[in-house]
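Residue strings, one per chain:
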Amino acid sequence: MSTLSIDKISMRFDLPNGSHVQALKDISLEIKSGELMSVLGPSGCGKTTLLNIVAGFLAPTEGSMTLNNHHITGPDAERGMVFQQGALFEWMSVRENVSFGPRMKGQREAEWRDNVDHLLDIVGLRDFKDKSVFELSGGMQQRVALARCLANDPDVILMDEPLGALDALTREKMQGLVLKLWKETGKTIILITHSVEEALLLGERLLVLAPRPGRIHREYRLPFADMGVGHDLREVKKHPEFAEKREEILSMIWDMEEEIMGNAAEASA
Amino acid sequence: MIILLIYTSIFIAGFFLVRFGVKRLMQTRADFTSLKTVTFGDESAVRPDRWASVISVVTIFLLWGAFTGSKWAPIHAPAPFIGDTEITYTLQAPDGSTDDATIALRVHKFGEDPASPEIDAGTGFAKNDAEIVSAGRTKTVLFDKNDDAKRRDGAKIIAINGQPITQGQSVSFASGSVSLTDKGAIQITPSGGMQMEPIWLPPPEKVVSRFVEISTEGYQGFTLWEHLGYSLFRVVLGFLLGALVGIPLGYAMGLSNWFRGWFDPIVEFMRPVPPLALIPLVIIWAGIGEVGKIILLFLAALWIMAIAARAGVSGVNITKVHAAYSLGASRFQLMRHVIVPNSLPEIFTGARVAMGVCWGTVVAAELVAAEKGAGMMIMVASRFQLTDIVIMGIILIGIIGYGIDILMRIAEKTLVPWKGRS
């Protein structure tokens, strides 16, 4: 099975003024096939850096990662990525965007047509497939991005705040869609988010990172993702345990933020 | 100065006329922008008033016609006096006796050569004179050549047309003014009016008839279309060569450290050197033939296109590149499907600038040395003071330059519809 294992990853780089930044320190993780893990943490804790390392866009200074028992050294189609925004190709239609991965592999239209049309159905964009992406709303564009990633059939999907730029209503609909896609495709997903609620709703596992240096602070296993599949997410949010976990994690992150502010105040004093 | 005043008053009068006259009478379309109340400061709400554009163009032609005495203009600025006129001077002999004589003056259009008006000498010691003069020019009349009382003997003029005058003063008469020089000679200036002489600015119909003439008969051994065609051909070829080298160079500079480091100093140095400054060097190296001009235009387009392509590459949103790689694209595929299409808007902007610069440069290069071309045409015409050809050439150069830009904009709209939409 496709297990992603991250072994003692550290990331440290020099700044022009001679000092250095320890962005990540000793991060070890094992993510099994089909797991959905959300990653949460105060700003500057290295969430995005971690995701970029897993995606292969950055090289860690220490440690290693393996997926399916081979080392990760660079970006690859086995690890798909969904970005916050701006990653769609404006010069292509919706359909051309979604079929980008298969086309790059040299597949002919007959090979990818059915799968792409099916994915466009799932994300509800069948009627928009020949539109240009710049004609779509923000929510529709993110659905294209999801479909494009899935069309390539990656083992792991990395999501970097994919719903961060959407309005609250669209965001809620999209959270349901992410859960549905996760359940239907059985993909391994790592999702980075700023929203505690989103992390709780979508994450089967929830990783809280602490800043300076970026490290794993706590990990949770949560029942809400399973509860939410096929159900109204607002019902899940009313669950007493949900409210309790939300408060717990919120105060945890608040404490970290305050610690950072306190340190900064001391440093400047 | 007067022209500027008239122009400004038409500008203001047109504004009020359209604003409070025409627009009140017409149904205006109530689209979204027309409902914006904040327009001062909101550039997107400022749209060109088509009435203003029409009035502006009409005004230019009207002023042109009015101040050149065009047959096409309904109104004219005061024309210079043309025809026969005369003045009378009163000469005082040294002994104090006076005598009147007339000067018959024939004022003719510039470039004509009429005969002197016929006169009889008259009686008395002051004799009548006949003179010819071009419209608006000053003529010094040595009136006492034929008079019995000479200035050197102490005779002097005391009045013109009955108005007393001394040396250095002037008096005006119906069709001009007369003054006395310090030495006592008469200077007559028939009134010049306010129209431009054709040698400064020919009327529009002369330019049009010149256009018809040259477009059928050609000029300096080549047809008009050959002149313009050669200029265009040089621009297109020079631009294409520049783009052919410049775009890959810009891509390489945007994609490779080594290329960036190697070419940065060269490109940054050459960019501020105006292509016109290269004309002498190119003439020394390649002569005045086609090769030299195409090299010059190639150099004019090269740096602009290289910088545009480089900007196009650096303008790629990094998430697009990451997305393409994590969808399994190879470097070549990334180039072909992401970097090239993403840089097209920048390249089109660069191409529009480069075409404009090339068109300007080719005309300038032809002014310096050429056997044919739009610039050569106006240069040769100016040597023979054929102002109408010069103006016709300038208008044609302007129209072609504008046409090139419009074509580039249409191409841009159809080829990169996503420009500014990401």
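Residues numbered from 1 in each chain as written. Chains lettered and ligands numbered in written order. Predicted model: local features only at pLDDT ≥ 70, side-chain atom pairs only at ≥ 80, totals over all residues.

Student: Any chance you could explain the overall build of chain B here in plain terms?
Tutor: Within chain B, the regular secondary structure consists of 11 helices and nine strands. Compactness check: chain B gives a C-alpha radius of gyration of 33 Å against a globular reference of 22 Å for 422 residues, more than 25% above the reference. In terms of overall dimensions, chain B has a C-alpha envelope of 115 × 65 × 40 Å along the principal axes. By the burial criterion, 31% of the 422 residues in chain B qualify as buried. (Helix = DSSP H or I, 4+ residues; strand = E, 2+ residues; numbered from the N terminus. Rg over C-alpha atoms; globule rule 2.2 N^0.38 Å. Buried ≥ 20, exposed ≤ 12 C-beta atoms within 10 Å, placed from the backbone.)

Student: How should the overall build of chain A be read in this particular structure?
Tutor: The secondary structure content of chain A amounts to 10 helices and 10 strands. A compact globule built from 269 residues should have a C-alpha radius of gyration of about 18 Å, and chain A, at 19 Å, falls within 12% of that. When its C-alpha atoms are laid out on the principal axes, chain A stretches across 65 × 45 × 35 Å. Of all 269 residues assigned to chain A, the portion counted as buried reaches 42%. Once local pairs closer than 6 in sequence are excluded, the contacts in chain A between residues at least 24 apart make up 70%. (Contact = placed C-beta atoms within 7 Å.)

Student: What is the right way to read helix H8 (residues 318–326) of chain B from this model?
Tutor: Because an α-helix completes one turn every 3.6 residues, residues spaced three or four positions apart along the sequence face the same direction. Three or more residues of H8(B) are buried, namely B:Lys320, B:Ala323, B:Ala324, B:Tyr325 and B:Ser326. Contacts made by the buried residues of H8(B) are with helix H1 (47–55) and strand S6 (79–82) of chain A together with helix H9 (331–368) of chain B. In the segment just after H8(B), B:Gly328 is the residue with positive phi, at about 95°.

Student: What exactly am I supposed to notice about the environment of B:Leu299 here?
Tutor: Residue and element names in this part refer to chain B. Take Leu299: it is sitting in helix H7 (residues 290–314). Classification of Leu299 as partly exposed rests on a count of 19 C-beta atoms within 10 Å. Along the sequence, Leu299 and Leu241 sit 58 residues apart, while their C-alpha atoms lie 9.1 Å from each other. Aside from chain neighbours lying at most four places away, what touches Leu299 is Pro275 and Leu278.

Student: Honestly, the sheet that holds strand S7 (residues 156–160) of chain A in this entry has me stumped. Any pointers?
Tutor: Whether parallel or antiparallel, the strands of a sheet pair through hydrogen bonds between backbone atoms. Residue and element names in this part refer to chain A. The strand order S6-S7-S8-S3-S9-S10 describes an open sheet built from six strands, whose pairing is mixed. Two strands bound the open sheet, and with one partner strand each, they are S6 and strand S10 (215–221). Neighbour-to-neighbour, the strand axes of the sheet open up by a mean angle of 20°, direction not taken into account. Pairing geometry for S7 and strand S8 (residues 188–192), over five bridges, is parallel. Among the inter-strand pairings, Val156 is bridged to a residue of S8, identified as Thr188. (Pairing = 2+ DSSP bridges. Axes fitted to C-alpha atoms, helices over the stretch in contact; angles between N-to-C directions.)

Student: It is not clear to me how the confidence of the model for chain B should be interpreted in this structure. Could you clarify?
Tutor: Low-pLDDT portions of the prediction should not be read for the details of their coordinates. All names here are of chain B. This prediction gives chain B a mean pLDDT of 87; 98% of its residues lie at or above 70. The least confident element of chain B, judged by mean pLDDT, is helix H1 (residues 2–25) at 85; the most confident is helix H4 (residues 224–255) at 93. ipTM for the predicted complex: 0.88, alongside a pTM of 0.78. (pLDDT = per-residue confidence, 0-100.)

Student: Got a minute to help me understand the interface of chain B and chain A in this structure?
Tutor: Accessible area lost upon the coming together of the parts serves often as the stated size of an interface. Contacts between chain B and chain A engage 17 residues on the former and 20 residues on the latter. Mapped by element, the contributors of at least two residues to the side of chain B that touches chain A are H8 and H9 of chain B. Per element, the largest residue contribution to the side of chain B that touches chain A is six residues, and it comes from H8(B). When its residues are assigned to classes, the side of chain B that touches chain A shows eight nonpolar, seven polar and two charged. (Nonpolar A, V, L, I, M, F, W, Y, C, P; charged D, E, K, R; others polar.)

Student: Help me understand the packing of helix H4 (residues 109–122) of chain A against helix H5 (residues 138–151) of chain A in this model?
Tutor: Two packed helices can be described by the angle between their axes and the distance between those axes. Residues and elements named next belong to chain A. Where H4 meets H5, the axes come as close as 10 Å, and the angle between the chain directions of the two elements is 145°. Our pair here, H4 against H5, has a crossing hand that is right-handed. Here H4 contributes Asn115, Val116, Leu119 and Leu120 to the contact with H5, which in turn contributes Ala147, Leu150 and Ala151. Counted by class, the contact of H4 with H5 contains six nonpolar, one polar and no charged residues. (Left-handed = near helix turned anticlockwise from the far one by under 90°.)

Student: Just to check I follow, could you spell out the pairing of S8(A) for this structure?
Tutor: Residue and element names in this part refer to chain A. Among the five residues that make up S8, five are buried, leaving the element largely enclosed by the rest of the structure. Here S8 shows two buried faces, one formed by Thr188, Ile190 and Ile192 and the other by Ile189 and Leu191. Note that strand S3 (residues 36–40) and S8 share four bridges and pair parallel. Opposite Ser38, over in S8, you have Leu191 as the bridge partner. Regarding the hand of the β-α-β motif, the stretch spanning S7, helix H6 (residues 168–185) and S8 is right-handed. (Right-handed = clockwise from strand over helix to strand, strands pointing away.)

Student: Any chance you could explain the nonpolar core here in plain terms?
Tutor: Buried together is how nonpolar side chains tend to be arranged in soluble globular proteins. Core analysis: the biggest nonpolar cluster contains 84 residues, and A:Val39, A:Ala147, A:Leu158 and A:Ile190 have the highest contact counts within it. The biggest single contributor to this core is H5(A), with seven residues. Ignoring any residue separated from it by four or fewer positions in sequence, one finds A:Ala147 in contact with A:Val98, A:Leu119, A:Leu120 and A:Val123. Counting 52 residues, the second largest nonpolar core, distinct from the first, contains B:Val282, B:Ala309, B:Trp359 and B:Met377. (Core = buried A, V, L, I, M, F, W, Y, C linked by C-beta atoms within 7 Å.)

Student: Quick question: what am I supposed to make of the environment of A:Thr188 here?
Tutor: Residues and elements named next belong to chain A. When you line up the elements, Thr188 lands in strand S8. On the neighbour-count criterion, Thr188 (24 C-beta atoms within 10 Å) is buried. With 45 residues separating them along the chain, Thr188 and Leu233 place their C-alpha atoms 21 Å apart.

Student: Where do I start with the domain arrangement of chain B in this structure?
Tutor: Here chain B is described as being made up of domain 1 (2–66), domain 2 (83–190) and domain 3 (205–415). Domain 1 of chain B and domain 3 of chain B are separated by 34 Å when their C-alpha centres are compared. (Domains from an automatic or database assignment.)

Student: How do you make sense of the sheet that holds strand S1 (residues 83–92) of chain B when you look at a structure like this?
Tutor: Residues and elements named next belong to chain B. If you trace the five strands from one edge of the open sheet to the other, you get S3-S2-S1-S5-S6, paired in mixed fashion. Bordering the open sheet on either side are strand S3 (129–134) and strand S6 (163–164), each of which pairs with just one other strand. Pairing between strand S2 (residues 98–108) and S3: six bridges, direction parallel. Note that in S3 the partner of Arg106 across the bridge is Ile132.

Student: Help me understand the environment of B:Ile6 in this model?
Tutor: Residue and element names in this part refer to chain B. Mapped onto the fold, Ile6 is located in helix H1. Residue classification places Ile6 among the partly exposed positions, given that 16 C-beta atoms sit within 10 Å. Each C-alpha atom, one on Ile6 and one on Thr223, is 39 Å from the other, the two residues being 217 residues apart in sequence.

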